[in-house]
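Observations on the three-dimensional arrangement
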Amino acid sequence: MRQKIRYIMVNYRCCVGGCNNDSRYPKKIVKRSHVENLRWHFIPKDPKKRAQWIASISKGLVGFEPGNYKTVCSNHFQYGKPTYSSPTPTLYMVPSDSNKPSPKKRKLVARHEVVSTAEASNNSSFKEEGTQCLIINPLTYGSMKFADLTTEQDVQRFTGFPNVETFQLMFNTLFEKAMCMHYWKGDKESALKDTTKPRSNNVQRALTLEQEFLLTMMRIKLGLFVFDLALRFKVSEATVSSVFTTWVKLMSKELKWMISWPDRYLIQRNMPDMFRRYYRKCRVIIDCTELFSETPSSLENAAMCWSNYKQHYTLKFLIGITPNGHISFVSETFSGRSSDVFIVENSGFLNYLQPHDQVMADRGFKIHDLLAYYQCSLTIPPSKHSNLQMSGADVRNTSLIANVISYGSQVYLHIF
């Protein structure tokens, strides 16, 4: 007795509000110009991706309740389908968007280069997929790398290092620890990780370690925005933020030994001629640096961090350099409202001074009394009193102090 086989026709319908595409009515299906092959994509089961899809669909359907077989057609994706750079439907999500023109076709940036199986068999960094292999190598799709800096002038402009050898020396110093570091993913997610275990080297990263170090130094030197670096290195903004935060934390731990308070004899032996001629007892040049911060959630913290000088919420710290430009002191972070005198008094800086030391600073550091207690002297540019014109001696002293500070702070200016 023959058994009858029943064939069930599966029908798909787009669940986006205002879209009437239904596989039961092929003649009524509308395909946008940016779509090559119209397909139906199920709402993903991954909780994070699913929530993003639901939030996007709910813009045109209030109270949308997803089912296990709800689909979205290709018209609503930037590249006609979910991709790495655009995994969520974002086009024509509201009925009023149906009259908008289709976006121009964009060339999808391939994250991997397809090669033959014979070539891939000789490289252990390939990942097999069917009869082809995908190169897990960021250099194949044009991201910025250190080799693009062809001259030492380029290295100095983009990274702050004087030459290629210095960049490589610093990178080699950090390379061993960078191989096993855990990348920052936020306070909550990072707290759940077991950071005592080294990171697996089998995890493929979007950038090489050298590229990550280059990205970090470029942002420190040039102050580039996250989206700018994401475009230069062909990665997402989240990756740039994670890489930068991780490398800054690594360098703060591994390079902390470079910030040291030199002996008085070493400072005098390496003192520039201009300091040796006019300010032979100068031990350190100090200044306070302010960095912009996000708006604090607490009103009390917001009031403490508001800087009238910068007209922004800032964090402030004291930095000191020797006459030849070596960074010798960096304080803890203070709120932007803290005065220079308060930071000097509470940062522990005064404990490093010895009798007869000379401290050079800006006009705002009115710390003569504090230094006098430690038998030290203060050198600051003369101030103009009310509307009176500065005397000739004050002008000469101001010019002299400015010249020696600019000469001794070259390294400081390169880094900050």
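This is a predicted model, so every value here is computed, not measured.

Here we take up the overall build of the protein. Along the protein, the regular secondary structure elements total 15 helices and twelve strands. Burial status across the protein gives 38% buried among its 416 residues. As presented, the protein carries roughly 26,900 Å² of accessible surface, and 53% of it is formed by carbon and sulfur atoms.

Counting residues in each nonpolar core, the largest one holds 33 residues, and the members touching the most others are F213, L215, F233 and W247. Taken together, the elements giving at least two residues each to this core come down to α4 (164-178), α6 (209-222), α7 (226-233) and α8 (237-254). If we ignore the near neighbours within four places in the chain, the residues touching W247 are F171, L174, A178, M181, L209, E212, F213 and T216. Ranked by size, the runner-up nonpolar core spans 21 residues in total, among them W261, C288, L353 and C376.

Our next topic: the pairing of strand β9 (residues 327-330). Bridge count between strand β8 (residues 312-321) and β9: three bridges; the pairing is antiparallel. Its bridge partner lying in β9, G320 is registered against F329. Where β8 folds back on β9, the antiparallel hairpin that results is connected by five residues, among which G325 adopts a positive phi of roughly 100°.

Structurally, the position occupied by I267 is in helix α9 (residues 264-269). Here the alpha-carbon distance between I267 and T322, two residues 55 residues apart in the chain, equals 7.1 Å. Every residue in contact with I267, bar those within four places of it in the chain, is listed here: P262, C282, R283, T322 and P323.

Attention shifts here to the pattern of salt bridges. The final tally for this structure, using the stated rule, is seven salt bridges. Close ionic contact of K145 with D148 constitutes a salt bridge, the shortest N to O distance being 3.7 Å. The closest approach of N and O atoms between R283 and D357, which form a salt bridge, is 2.7 Å. Of this pair, R283 sits in strand β6 (residues 282-292) while D357 sits in the loop between α12 (340-346) and β11 (358-360), and the two are 74 residues apart along the sequence. Among the residues examined, D357 registers a relative accessible area of 2% and is labelled buried. When salt bridges that share partners are traced, they join R264, R283 and D357 into one network.

The way to describe two aromatic rings as a pair is by their centre distance and the angle between their planes. Using the criterion set out here, one finds 18 aromatic pairs in the structure. Ring centres of F167 and F213 lie 5.1 Å apart, and the angle between their planes is 45°; on these two criteria the pair is classed as tilted. Of the two residues, F167 is situated in helix α4 and F213 in helix α6; the sequence distance between them amounts to 46 residues. Comparing F167 with F213 shows no difference in burial state: the two are buried. Pairing W261 with F349 gives two aromatic rings, centres 6.1 Å apart and planes at 75°, and the pair type is edge-to-face. A residue pair is termed long-range when its members are at least 10 positions apart, and W261 in the loop between α8 and α9 and F349 in the loop between α12 and β11 qualify at 88 residues. The burial state of W261 is the same as that of F349; both residues are buried. Each residue in the set F146, F161, F167, F171, F175, F213 and W247 is aromatic and connected to the rest through ring pairs, giving one cluster. The positively charged end of R32 is found above the aromatic ring belonging to Y92, 4.0 Å away from the centroid.

A few words on the side chain of R283. For R283, a relative accessible area of 4% corresponds to the buried category. A polar contact of 3.5 Å, which involves the side chain of R283, links it to the side chain of Q354. Side-chain polar atoms of R283 contact the side chain of D357, separated by 2.7 Å.

Direction vectors running N to C along α4 and α6 enclose 120°, while the axes themselves pass 11 Å from each other. As summarised for this structure, α4 and α6 are arranged oblique, according to the angle between their axes. In this structure, α4 meets α6 at a crossing whose hand is right-handed. Where α4 abuts α6, its residues F167, Q168, M170, F171, L174, F175 and A178 lie against L209, E210, F213 and L214. Here the contact of α4 with α6 is composed, by residue class, of nine nonpolar, one polar and one charged.

So, about the confidence of the model for the protein. Averaged over the protein, the pLDDT score is 78; the fraction of residues at 70 or greater is 75%. Throughout residues 408-416 the model reports pLDDT below 50, and contacts reaching past four residues in sequence, or to other chains, amount to 19 contacts.

Moving on, we get to the side chain of T239. Tracing the backbone shows T239 in helix α8. Its relative accessible area of 18% is what places T239 among the buried residues. A polar side-chain atom of T239 sits 2.9 Å from a polar atom in the side chain of S236.

Conventions used here
Residues numbered from 1 in each chain as written. Predicted model: local features only at pLDDT ≥ 70, side-chain atom pairs only at ≥ 80, totals over all residues. Heavy atoms only, no water. Helix = DSSP H or I, 4+ residues; strand = E, 2+ residues; numbered from the N terminus. Buried < 20%, exposed > 50% of the residue type's maximum accessible area, 1.4 Å probe, protein only. Areas by Shrake-Rupley, 256 points an atom, 1.4 Å probe, with all protein chains shown as cover. Core = buried A, V, L, I, M, F, W, Y, C linked by side-chain atoms within 4.5 Å. Contact = heavy atoms within 4.5 Å. Pairing = 2+ DSSP bridges. Salt bridge = Lys/Arg side-chain N within 4 Å of Asp/Glu carboxyl O. Phe/Tyr/Trp six-rings, centres within 6.5 Å; stacked < 30°, edge-to-face > 60°. Lys NZ or Arg CZ within 6 Å of the ring centre and 35° of its normal. Polar contact = N/O pair within 3.5 Å; in protein donor to acceptor, adjacent residues only side chain to side chain. Axes fitted to C-alpha atoms, helices over the stretch in contact; angles between N-to-C directions. Parallel < 35°, antiparallel > 145°, perpendicular 65-115°, else oblique. Left-handed = near helix turned anticlockwise from the far one by under 90°. Nonpolar A, V, L, I, M, F, W, Y, C, P; charged D, E, K, R; others polar. pLDDT = per-residue confidence, 0-100.

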